[in-house]
Amino acid sequence: MIYIFFRTTNHNKPNNLRPLWFNYERCFKNLLDTLDKNCSLTIMFDGSLLDYDISFIKKYQLLKYDFRVQQINAGNDLSSNIQTFEFIKQQKEIKENDLIYILENDYLHLSNWTNFILDLYSLTDGMHYTTLFDHNDKYLCLNNVEGEWGMYKNLVSKIYITKTRHWRTVPNTCASFIMSKKLFNEDYDVLSMKEADNTRFDILTRIKNRIVLSPIPGLSTHTQHPWMSPCIDWE
């Protein structure tokens with residue numbers, strides 16, 4: 001089973017790097033349309049009951065889509081992330097071999113992504129992190145982009161293959177990723193730290209020797225230029 005914890009709020013900051021066709025409801029509807037019987041969806045809604053009542057999430061709940069809502073009052077992304085991990089820790093129904101997907105509210109997914117993930121985890125011990133996002137920042141250095149993305153110009157990856165996808169090792173990912181419940185339990189001390197994503201993954205990969213796997217091409221994308229997963233027409 002894949003337990004998805006979708007973090008969202010009505011108080012999203014303006015972002016001029018979005019594609020013209022982007023909106024949060026489209027991302028949410030896309031997620032709903034790509035789920036299957038192997039998935040359990042929980043909405044981690046950061047805001048008041050009034051915020052929720054006027055949100056598009058409420059509309060889909062009234063339309064009888066299959067998900068539950070957990071209201072939190074975090075007020076910022078870091079606190080929302082920590083409260084989500086605390087909530088997951090309390091969920092006794094999640095077994096060690098089940099998968100947990102922490103998901104931000106601005107991602108798009110390809111259909112059948114769940115089958116690709118279950119295929120991958122059927123061949124591993126589950127003690128790795130997985131992102132569905134083929135981060136374009138790992139390729140920007142090939143285009144002579146100046147600045148911080150040059151850090152990846154010497155990046156070397158191991159490549160794994162399943163029946164359905166190639167997967168590469170990457171040093172980190174954003175705040176949307178998949179892990180087994182067993183790995184969640186072992187790394188909870190790091191995951192729940194009050195640190196940014198790259199700091200936590202630096203500890204997980206360098207000190208705890210975890211690996212992060214990313215599909216080639218991607219199965220999802222963070223919808224923000226210029227970092228969207230390449231080779232796919234996300235519009």
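Residues numbered from 1 in each chain as written. Predicted model: local features only at pLDDT ≥ 70, side-chain atom pairs only at ≥ 80, totals over all residues. Heavy atoms only, no water.

Asks: Looking at this structure, I do not really get helix α1 (residues 24-34). What am I missing?
Replies: An α-helical segment advances 3.6 residues per turn. Residues three or four places apart therefore align on the same side. Of the positions making up α1, those classed as buried are Tyr24, Cys27, Phe28, Asn30, Leu31, Leu32 and Thr34. Looking at the buried residues of α1, the elements they touch are β1 (2-9), β2 (39-46), α3 (56-62), β4 (99-103), β5 (107-109) and α5 (113-121). Where α1 starts, the residue carrying a side-chain oxygen 3.1 Å from the main-chain nitrogen of glutamate 25 turns out to be asparagine 23. (Buried < 20%, exposed > 50% of the residue type's maximum accessible area, 1.4 Å probe, protein only. Helix = DSSP H or I, 4+ residues; strand = E, 2+ residues; numbered from the N terminus. Contact = heavy atoms within 4.5 Å. Polar contact = N/O pair within 3.5 Å; in protein donor to acceptor, adjacent residues only side chain to side chain.)

Asks: I would appreciate a short explanation of the pairing of β4 in the present structure.
Replies: Sheet faces and side chains relate simply in a regular strand, where the side chains alternate between the two faces. Counting buried residues in β4 gives 5 out of 5 residues, a clear majority hidden from the surface. Every second residue of β4 is oriented toward a common face, with Leu99, Tyr101 and Leu103 on one face and Ile100 and Ile102 on the other, all of them buried. Sheet topology places β1 next to β4; 5 bridges connect them, and they run parallel. Residue pairing for β4: isoleucine 4 is matched across the bridge by tyrosine 101. As judged from the 4 bridges shared by β4 and strand β9 (residues 177-180), these two strands associate in the antiparallel manner. Within β9, the position partnered with isoleucine 102 by the bridge is phenylalanine 177. (Pairing = 2+ DSSP bridges.)

Asks: Explain the nonpolar core here, please?
Replies: As a rule of thumb, soluble globular proteins bury nonpolar side chains together. Within the largest apolar cluster, 31 residues are counted, with the highest numbers of intra-cluster contacts made by Phe28, Leu41, Phe67, Trp113 and Ile117. Every element with two or more residues in this core is listed here: β1, α1, β2, α3, β4 and α5. The element contributing the most residues to this core is α5, with 5 residues. Contact partners of phenylalanine 67, with chain neighbours within four places excluded, come to Phe28, Leu32, Leu41, Ile43, Tyr52, Ile57, Tyr60 and Gln61. Core analysis: the second largest hydrophobic core is formed by 25 residues, Tyr3, Met44, Tyr129 and Leu191 among them. (Core = buried A, V, L, I, M, F, W, Y, C linked by side-chain atoms within 4.5 Å.)

Asks: Is there a simple way to explain the environment of isoleucine 72 in this structure?
Replies: Note that isoleucine 72 resides in strand β3 (residues 68-72). Residue isoleucine 72 is classed as buried on the basis of its relative accessible area of 6%. Distance in space between the C-alpha atoms of isoleucine 72 and leucine 49 is 9.7 Å, their sequence separation being 23 residues. Here isoleucine 72 is in contact with Met44, Phe45, Asp46, Gly47, Ser80 and Gln83, once residues within four sequence places are set aside.

Everything listed here is a matter of geometry and, on its own, says nothing about what the molecule does.
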